[in-house]
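Each chain, letter by letter, is given below.
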Amino acid sequence: YTSSFSDREWEIYTLGMRDLARLLMPHVRDRIRIPRGSTSLLDLGGSHGLYSMELCRRYPGLRATIADYPAVLRTTHALLEEAGLEQRISLQPSDLRQPHFPPRSFDVALAFNIIHGFSREVNRDLLHAVADTLRSGGRLYILDQLKQRRSSGIGRTMPLMVGLNLMNEIGGTVYSVDEVKKWCLQAGFGQLGTIPVSLPGVSLIRGIRD
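All chains use their own residue numbering, which begins from 1 and follows the written sequence. Local features in this predicted model are restricted to residues whose pLDDT is 70 or higher, and side-chain atom pairs enter the listing and the counts only when it is 80 or higher, whereas totals over whole chains, interfaces and linings include all residues. Only heavy atoms go into the side-chain values, all of them from the structure, while hydrogens and water stay out.

Asks: Help me understand the overall build of the protein, please; the structure alone is not making it clear to me.
Replies: Check the secondary structure of the protein and you find six helices and seven strands. Going along the chain from the N terminus, every DSSP run of H or I of four or more residues is numbered as a helix, and every run of E of two or more is numbered as a strand. Secondary structure elements of the protein, listed N to C terminal, follow the sequence α-β-α-β-α-β-β-α-β-α-α-β-β. Relative accessibility decides the category of a residue: with a 1.4 Å probe and only protein chains considered, values under 20% of the type maximum give buried, values over 50% give exposed, and everything between is partly exposed. Across the 210 residues that make up the protein, the buried fraction comes to 52%. The contacts of the protein with a sequence gap of at least 6 include a subset with a gap of at least 24, amounting to 73%. Taken as a whole, the protein presents about 10,200 Å² of accessible surface, with 51% of it coming from carbon and sulfur. We call two residues in contact when some of their heavy atoms are within 4.5 Å. The protein chains shown are the only cover counted for residues, whose accessible areas, like all others here, come from Shrake-Rupley with a 1.4 Å probe.

Asks: Help me understand the confidence of the model for the protein in this model?
Replies: Summarising the model, the protein shows a mean pLDDT of 88, and 87% of its residues fall at 70 or more. Every residue in residues 154-171 scores below 50 in pLDDT, and together they form 24 contacts with partners more than four places removed in sequence or on other chains. Along the chain, pLDDT gives the predictor's confidence residue by residue, from 0 to 100.

Asks: I tried to follow the packing of aromatic side chains on my own but got confused; where do I start?
Replies: Think of a pair of aromatic rings as described by two things: how far the centres are apart, and how the planes are tilted against each other in angle. Centre distance within 6.5 Å is the pairing criterion for rings of Phe, Tyr and Trp, where only the six-membered ring of Trp is used; planes under 30 degrees apart are then read as stacked, over 60 as edge-to-face, and the remainder as tilted. Taken as a whole, this structure holds five aromatic pairs when the rule is applied. When the centroid spacing of 4.7 Å and the interplanar angle of 85° are considered together, the rings of tyrosine 51 and phenylalanine 112 count as edge-to-face. Separated by 61 residues along the polypeptide, tyrosine 51 in helix α2 (residues 50-58) and phenylalanine 112 in strand β4 (residues 106-112) bring together distant segments of the chain. In this structure tyrosine 51 comes out as buried when scored by relative accessible area, which is 4%.

Asks: Looking at this structure, I do not really get unusual backbone geometry. What am I missing?
Replies: A negative phi holds for most residues other than glycine; trans holds for most peptide bonds. The phi dihedral of arginine 104 falls on the positive side, at around 50°, and the residue is not glycine. For arginine 104, the location among the structural elements is in the loop between β3 (89-93) and β4. Positive phi, close to 55°, is recorded for asparagine 113, a residue that is not glycine. We classify asparagine 113 as buried; its relative accessible area is 11%.

Asks: I keep staring at the side chain of histidine 48 and nothing clicks. Help me out?
Replies: Structurally, histidine 48 is set in the loop between β1 (40-44) and α2. Relative accessible area serves as the criterion here: at 5%, histidine 48 is assigned to the buried category. Polar contact criterion, stated in full: a pair of N or O atoms within 3.5 Å, where within protein one must be able to donate a hydrogen and the other to accept it, and residues adjacent in sequence count only if both atoms are side-chain atoms. Here the side chain of histidine 48 touches leucine 50 through a polar contact of 2.9 Å, landing on its backbone nitrogen.

Asks: In this structure, what is going on with the side chain of aspartate 107? I would like to understand it.
Replies: Its place among the elements puts aspartate 107 in strand β4. What aspartate 107 contacts, discounting residues up to four positions off in sequence, is Ser38, Thr39, Ser40, Leu134, Arg135, Gly138 and Arg139.

The following block contains the structure:
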């Protein structure tokens, strides 16, 4: 958490993450399936809110909560007002390194482009917290730059390049799909699967709360 950022720097960061999400959105929007009857979505580190907005528009009965740093959410609030979705998407100031969510309160959770920024210990704790806040049968989707067992060429080098950049800048790293699935299994998620995404080095994992 870069506490030395100014408000303007946090705004630039959030808008930059939105631009990245816009590039990813066409490749993932149809791969995220919300179970029938779902009413609540938890968007971890959702900053720009783009994924929550898309899913709320697609599923009229869905409401979302974006959990992110307070400094980020100032920009998020303005983006939600601009989209006219501030009544359906709420903001929860959070430090995901110390997660606290109400038990059995959500049907779906998104963890998009955050796993690589945390240590193994933090990720394991976060996934346990997500499992606790999801209702039985709730779905977790993880999108990140992950090492894949059979990847080659740019699909193998892209996550490593991202990881090198993160380690230099914020101490992040890149994990393997198998390792992330293991954390999910330990947290209480079953029916783990990797959903094909036509982006080199990017993986989408789905797990279902037991």
